Amino acid sequence: MKYYIKNMVCLRCIKAVEGILKKLDASIADIRLGEVLLTQPLSPGATEQFRYQLSQAGFELLDDSRSQLIVKIKSIIVDHIHYLDDEKFSFSKVLPRELNKEYSQLSKLFSETEGVTIEHYVIQQKIEKAKELLAYKQMNLNEISYKLGYSSVAHLSAQFKKVTGLTPSQFKTQGIHLRKSLDHI
């Protein structure tokens, strides 16, 4: 049985949900960003406990297919930008391939539900990843722009300033407190 969970955006989130399921003695087959696959479905009572414990931890168990699809879209985007090392890819190709739906259908649903386009959400995620990389000073701006699939440092810098109101250099001097949690993007 597959369950979809909103606000699972990092590896710690996976561990937190895994902990909740272990307390419920659930048999986990697989767990990843936004979804859990159990070998057996939870009983109605256990499902309600799961829903409650998830909400206490800042997550939400999703019931309807539209919400589940939005979570899948976000999970794919977050995964590709924050956890996979694949600099050059197009979400207009990745999303339809992974979700078996037309990109125009996914884009329309995402915009209607989230109030922003998929492209804007991708930009927000890329800028948040750039902030992380800048804060930890492990890469220079040229390396960051390449890693995030930008055509140039100037393109990254322009989008960074548009989203944050700061240049990457200004952000670097102001520090880590300006970063956002991925579930708030």
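Residues numbered from 1 in each chain as written. Predicted model: local features only at pLDDT ≥ 70, side-chain atom pairs only at ≥ 80, totals over all residues. Heavy atoms only, no water.

Asker: Summarise the overall build of the protein; cite the residues concerned and give the values.
Answerer: Along its length, the protein carries 9 helices and 4 strands. Overall, the protein shows an N-to-C arrangement of helices and strands of β-α-β-β-α-β-α-α-α-α-α-α-α. For the protein, the spread of C-alpha atoms along the three principal axes comes to 55 × 35 × 25 Å. Burial status across the protein gives 41% buried among its 185 residues. A separation threshold of at least 6 residues defines the contact pool for the protein, and within that pool the share at least 24 residues apart is 60%. Carbon and sulfur atoms provide 50% of the accessible area of the protein, an area that totals close to 10300 Å². Looking at charge distribution, the protein has the averaged site of its 26 positive side-chain charges lying 5 Å from that of its 21 negative ones. (Helix = DSSP H or I, 4+ residues; strand = E, 2+ residues; numbered from the N terminus. Buried < 20%, exposed > 50% of the residue type's maximum accessible area, 1.4 Å probe, protein only. Contact = heavy atoms within 4.5 Å. Areas by Shrake-Rupley, 256 points an atom, 1.4 Å probe, with all protein chains shown as cover. Lys, Arg positive; Asp, Glu negative; His and termini not counted. Charge placed at Lys NZ, Arg CZ, Asp CG, Glu CD.)

Asker: Before we move on, can you summarise the environment of Leu21 with the specific residues and values?
Answerer: If you trace the backbone, Leu21 turns up in helix α1 (residues 11-23). According to the relative accessible area criterion, Leu21 is buried, its value standing at 0%. Linking Leu21 and Lys72, residues 51 residues apart in sequence, is a C-alpha distance of 20 Å.

Asker: Requested: an account of the side chain of Glu35, with residues and values cited.
Answerer: With respect to the helices, strands and loops of the structure, Glu35 is situated in strand β3 (residues 35-38). A polar contact of 3.4 Å, which involves the side chain of Glu35, links it to the side chain of Lys2. (Polar contact = N/O pair within 3.5 Å; in protein donor to acceptor, adjacent residues only side chain to side chain.)

Asker: Tell me about the pattern of salt bridges, residues and numbers included.
Answerer: Per the counting criterion, the structure on display carries 11 salt bridges. Arg32 is paired through a salt bridge with Asp30; the nearest N and O atoms lie 2.6 Å apart. Taking the relative accessible area as the measure of exposure, Arg32 reaches 45% and is therefore partly exposed. By relative accessible area, Asp30 is classed as partly exposed at 29%. Glu114 is paired through a salt bridge with Lys74; the nearest N and O atoms lie 2.8 Å apart. (Salt bridge = Lys/Arg side-chain N within 4 Å of Asp/Glu carboxyl O.)

Asker: An account of α1 is requested, with residue identities and associated values reported.
Answerer: Compared with an ideal rise of 1.5 Å per residue, which puts 13 residues at 18 Å, α1 spans 19 Å between its outermost C-alpha atoms and is within 8% of the ideal. Along α1, the residues classified as buried are Cys13, Ile14, Val17, Glu18, Ile20 and Leu21. Viewed along the axis of α1, the buried residues span an arc of 160°, placing them on a single side of the element. Among the exposed residues of α1, those pointing more than 90 degrees away from its buried face are Leu11, Arg12, Lys15, Lys22 and Lys23. In this fold, the buried residues of α1 make contact with β1 (2-6), β2 (28-32), β3 and α2 (44-56). Asp25 occupies a position one or two residues after α1 and carries a positive phi of about 55°. (Expected span 1.5 Å × (residues − 1). Arc of directions from axis to C-beta.)

Asker: Talk me through the nonpolar core; I want residue IDs and the actual numbers.
Answerer: By size, the foremost hydrophobic cluster in this structure holds 51 residues, and its most contacted members are Ile5, Val17, Phe50, Ile73, Leu95 and Ile118. Those residues in contact with Leu95 that lie beyond four places of it in its chain are Ile73, Ile76, Asn100, Tyr103, Leu106 and Ile118. (Core = buried A, V, L, I, M, F, W, Y, C linked by side-chain atoms within 4.5 Å.)

Asker: A description of the confidence of the model for the protein should follow, citing residues and the corresponding values.
Answerer: Confidence along the protein averages 88 in pLDDT terms, with 92% of residues attaining 70 or more. Per-element confidence in the protein is highest for helix α8 (residues 153-164), whose mean pLDDT is 94, and lowest for helix α9 (residues 168-174), whose mean pLDDT is 85. (pLDDT = per-residue confidence, 0-100.)

Asker: Describe the packing of helix α3 (residues 65-83) against helix α4 (residues 91-99), naming the residues involved and giving the relevant values.
Answerer: One can describe the packing of α3 onto α4 by two numbers: an axis separation of 11 Å at closest approach and a directional angle of 125°. The angle between the axes of α3 and α4 places the two elements in the oblique class. α4 is crossed by α3, and the crossing has right-handed handedness. When α3 is examined against α4, the residues Leu69, Lys72, Ile73, Ile76, Ile77, His80 and Ile81 are found in contact with a partner set consisting of Phe91, Val94, Leu95, Glu98 and Leu99. A per-class count over the contact of α3 with α4 returns 9 nonpolar, 1 polar and 2 charged. (Axes fitted to C-alpha atoms, helices over the stretch in contact; angles between N-to-C directions. Parallel < 35°, antiparallel > 145°, perpendicular 65-115°, else oblique. Left-handed = near helix turned anticlockwise from the far one by under 90°. Nonpolar A, V, L, I, M, F, W, Y, C, P; charged D, E, K, R; others polar.)

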